[in-house]
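Observations on the three-dimensional arrangement
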Amino acid sequence: MLIFWTLTGLACALAGLLILSAARVGGGAAVPGPEADEVARGRALARDLEELDRMAARGVLAGTELEAARAEVARRHLDAGVAGPAPVIDTAARLRQARWILAGTGATALVALALYMGVGSPGVADQPYARRVAEWAETPGMLDAPRLAAVMEREAASRPDNFEAQSLLGAARFEAGDPIGAASALRRAAMLRPDDAQTWARLGEALVRTQEGEVGTDAEMAFMRALELDPGQLGARYFLGELALQRGEAARVHELWSPLIAALSPIDPRRIDLESRLPPLSGGEG
């Protein structure tokens, strides 16, 4: 905590230094006075008139056109002079304003410190991650997916050869948006119980998620294993049907999706979607 407040104090000091430096730089720039403005306008007028003389010498302007151009140049410079010189920046005023801003910054930091000392716990050390996980484990039903995954990870680490612990860890990681971690845990679960169809189906789905929806070779093998063990694994049927649809295997799509469609209500949007996507069978298929 001491390090935190030391860094906070340094940050406030640096902010104050930047404020004062900006005020000095902005206010210390050389600003021309009225005499310098008159000299600059006179030189600009002379340059413009010389340019008109060169144009007259080349025959571009002559007679009334030359006189009109001279009058226009003179009028333009006269209007610029009437507008007045650029305002002179008050350096002292800018510094006073910067000091007020600096004072406000310091006051804000002091108020924050006072509030923390009053309602915070400055003497309490940072709680180790393991202790927080232990506290989460006391109320698993009230945890969100990432915290539940952390609790299950601790349980699975303590029981690496326990199928249920690895399976639950895989499910928790999947819900927490960690498909790679879920696939890793589900692989261990499948090795511990290779005849569990649901684990293979979950592993295939986690692998699909890692490939952003694409059914790769590993996922296909996992889904095939799930169906070998249990033809009623509808999730595996869906993904394998998607793969068969991409390959143009119409009969295979019907074979995989027909039980899935039959299991859904006739008004279920998922059934309607699957039925609409069923490819037509050729004359020799059926």
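That block above? That's the structure.
Along each chain, residues carry numbers from 1 onward, in the same order as the chain's sequence is written. In keeping with the model being predicted, local features are shown solely for residues with a pLDDT of at least 70 and side-chain atom pairs are shown and tallied solely at 80 or more, while totals for entire chains, interfaces and linings include all residues. Only heavy atoms go into the side-chain values, all of them from the structure, while hydrogens and water stay out.

Notes on the pattern of salt bridges
Inclusion rule: Any carboxyl oxygen of Asp or Glu within 4 Å of a side-chain nitrogen of Lys or Arg constitutes a salt bridge here. Working definition: helices are DSSP H or I runs of at least four residues, strands are E runs of at least two. Numbering for both runs from the N terminus. Think of it in three bands: with a 1.4 Å probe and only protein chains considered, a residue is buried below 20% of the maximum accessible area for its type, exposed above 50%, and partly exposed in between.
Taken as a whole, this structure holds 10 salt bridges when the rule is applied. Across the pair Arg193 and Glu164 runs a salt bridge whose closest N-O atoms are separated by 3.3 Å. Linking Arg193 in the loop between α8 (179–192) and α9 (197–210) with Glu164 in helix α7 (residues 163–175), this pair joins segments that are 29 residues apart in sequence. Judged by its relative accessible area of 40%, Glu164 is partly exposed. Note that Arg277 is salt-bridged to Asp273, the shortest N-O span being 3.5 Å. Of the two residues, Arg277 and Asp273 are both situated in helix α13 (residues 269–277); the distance of 4 residues between them amounts to about one turn of the helix. Residue classification places Arg277 among the partly exposed positions, given a relative accessible area of 26%. A single salt-bridge network, built from bridges that share partners, covers Glu242, Asp273 and Arg277.

Some thoughts on helix α12 (residues 250–263)
The test is simple: To estimate how far a helix should extend, the number of its residues minus one is multiplied by 1.5 Å. We define the bend at any residue as the angle between the axes fitted to the seven residues before and including it, ending there, and the seven starting there.
Here α12 spans 20 Å end to end across 14 residues, near enough to the 20 Å set by a 1.5 Å rise per residue. At Trp257, α12 shows its strongest bend, of approximately 35 degrees, with the proline Pro259 following within four residues. Within α12 the residues assigned to the buried category are Ala250, Val253, Leu256, Trp257, Leu260 and Ile261.

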